[in-house]
Amino acid sequence: MRRWTTFLRISVVASMVIGVGLTPAQSQAGAQTPVFVDKWGSFGTTNGLFNYAYAIASDPAGHVYVADAGNNRIQKFDSQGNFLRKWGSTGSGDGQFNFPNGIAADGSGHVYVVDTQNNRIQKFDSQGNFLRKWGSTGSGDGQFSNPRGIATYAGGHVYVVDYQNVRVQEFNARGNFITEWGSAGTGNGQFNAAFGVATGGNGSVYVTDIGSHRVQKFDADGTFITKWGSAGTGNGQFDAPYGVATDDSGNVYVTDTYNFRIQKFHRRPRHR
């Protein structure tokens, strides 16, 4: 039985790592190769240490926020890994957490935390001051059952992967429900076990499905656009893709978790 990996440190690379379709010569020439920059953290409970660092986000000012799930807190660092502040404790009150699994920041520096086992989202300013919360346990609009990934997009859009309800929910920056999409299955727009979410520069939404070993792309309103991936070890195949991220050039990066690699895709992956 596979076990969760405990992440005890943060590593930063200047560019994401495995470009699909690169030849060895290209890699040796430095094309799309990873460049290690820095690392920080180890196991513990004091400032700058982690116990299940599940998710990471950055804001426009270059600050780095880490959801330190086992310690039920958020830690904030500068881009060099210097500790700046922390907030959170165990509980269900405002600013408290029960195993936070996801984190995102918007263009205004607000921080959104997926408070997974409290089945809610909490919003903070960049200093960790509580601003608002939304969500409760259930399957209705704005309710959650084991939420996981979260992403933001310009204009105040917030997307949350509602894991056990097998859907993605969209909210505005105040937590007002906008729409949802997804259902259980393997068809287009359906999910087996949706987990990670990211947004692209044109408003596209990318969702990883660890059960179906694929990534699906939607428009900002949840209309299915395309998909790629299948179970396997080849280029473009996955074994439980948990995380997804994009860059300003339109590239998509996927954590191919149990193949122990990152895969990078260009704007329009080949349909599978």
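Bear in mind the structure is a predicted one, so any value in this text is a computation, not a measurement. (Residues numbered from 1 in each chain as written. Predicted model: local features only at pLDDT ≥ 70, side-chain atom pairs only at ≥ 80, totals over all residues. Heavy atoms only, no water.)

> What is the right way to look at the environment of Ala 173 in this model?
Residue position: Ala 173 is located in the loop between strand E13 (167-171) and strand E14 (177-181). Taking the C-alpha atoms as reference points, Ala 173 and Gly 156, separated by 17 residues in sequence, lie 4.7 Å from one another. Setting aside its immediate chain neighbours within four residues, Ala 173 contacts Tyr 112, Lys 123, Arg 132, Trp 134, Gly 156 and Val 158. (Helix = DSSP H or I, 4+ residues; strand = E, 2+ residues; numbered from the N terminus. Contact = heavy atoms within 4.5 Å.)

> Which parts of the structure should I look at to understand the pattern of salt bridges?
Once their charged atoms are close, side chains differing in charge can pair, the charge on each being opposite to the other. Scanning the entire structure with this criterion turns up 6 salt bridges. We note a salt bridge from Arg 73 to Asp 68, for which the minimum N-O separation is 2.8 Å. Per residue, the accessibility class of Arg 73 equals that of Asp 68, and both read buried. With a shortest N-O distance of 2.8 Å, Asp 94 and Lys 133 are connected by a salt bridge. Of the two residues, Asp 94 sits in the loop between strand E6 (83-87) and strand E7 (102-105) while Lys 133 sits in strand E10 (residues 130-134), which places them 39 residues apart along the sequence. Residue Asp 94 is classed as partly exposed on the basis of its relative accessible area of 45%. Among the residues examined, Lys 133 registers a relative accessible area of 43% and is labelled partly exposed. One salt-bridge network, held together by shared partners, links Asp 162, Arg 167 and Glu 180. (Salt bridge = Lys/Arg side-chain N within 4 Å of Asp/Glu carboxyl O. Buried < 20%, exposed > 50% of the residue type's maximum accessible area, 1.4 Å probe, protein only.)

> Which parts of the structure should I look at to understand the confidence of the model for the chain?
Parts of the prediction with low pLDDT should not have their coordinates interpreted in detail. Averaged over every residue, the pLDDT of the chain is 88; residues scoring 70 or more account for 85%. Here residues 1-7 is modelled with pLDDT under 50, and outside its nearest four sequence neighbours on either side it reaches 12 contacts, counting other chains as well. (pLDDT = per-residue confidence, 0-100.)

> Can you help me understand the pairing of strand E20 (residues 252-256) in this one?
One face of the sheet, then the other: side chains in a regular strand alternate in exactly this way. Counting buried residues along E20, 4 of its 5 residues qualify, which places the element largely inside the surrounding structure. Sheet analysis places strand E19 (residues 241-246) next to E20, joined by 4 bridges and oriented antiparallel. Within E20, the position partnered with Ala 245 by the bridge is Tyr 253. Between E19 and E20, which pair antiparallel and follow one another directly, the connecting turn spans 5 residues, one of which, Gly 250, has a positive phi of 90 degrees. Taking the residues that link successive antiparallel strands as the turn, the E20-strand E21 (residues 261-265) hairpin has 4 residues, and the phi of Phe 260 there is positive, at about 55 degrees. (Pairing = 2+ DSSP bridges.)

> I keep staring at the packing of aromatic side chains and nothing clicks. Help me out?
Aromatic ring pairs are reported here in terms of the distance separating the ring centres and the angle at which the planes meet. Scanning the model with the defined rule gives 24 aromatic pairs in all. With a centroid separation of 6.1 Å and 75 degrees between ring planes, the pair formed by Phe 124 and Phe 130 is classed as edge-to-face. By way of ring pairs, the aromatic residues Tyr 65, Trp 87, Phe 97, Phe 124 and Phe 130 are connected into one cluster. The ring of Tyr 163 is capped by Arg 148, whose NZ or CZ atom sits 5.4 Å from the centre of that ring. (Phe/Tyr/Trp six-rings, centres within 6.5 Å; stacked < 30°, edge-to-face > 60°. Lys NZ or Arg CZ within 6 Å of the ring centre and 35° of its normal.)

> How should the side chain of Glu 170 be read in this particular structure?
Here Glu 170 shows up in strand E13. Among buried charged residues, Glu 170 stands out as having no salt bridge; its nearest opposite-charge side chain is Arg 167, 13 Å away. Looking at Glu 170, its side chain comes within polar contact range of the side chain of His 157, at 2.8 Å. (Lys, Arg positive; Asp, Glu negative; His and termini not counted. Polar contact = N/O pair within 3.5 Å; in protein donor to acceptor, adjacent residues only side chain to side chain.)

> Would you mind going over the sheet that holds E20 with me for this structure?
Whenever strands of a sheet pair, they do so through backbone hydrogen bonds, lying parallel or antiparallel. Within the open sheet, the 3 strands sit side by side as E19-E20-E21. Their pairing is antiparallel. Sheet topology places E19 and E21 at the edges, where each strand pairs with a single neighbour. Averaged over neighbouring strand pairs, the angle between their axes works out to 20 degrees when direction is ignored. Across 5 bridges, E20 lies against E21 in antiparallel orientation. The residue of E21 that forms the bridge with Thr 255 is Ile 262. (Axes fitted to C-alpha atoms, helices over the stretch in contact; angles between N-to-C directions.)

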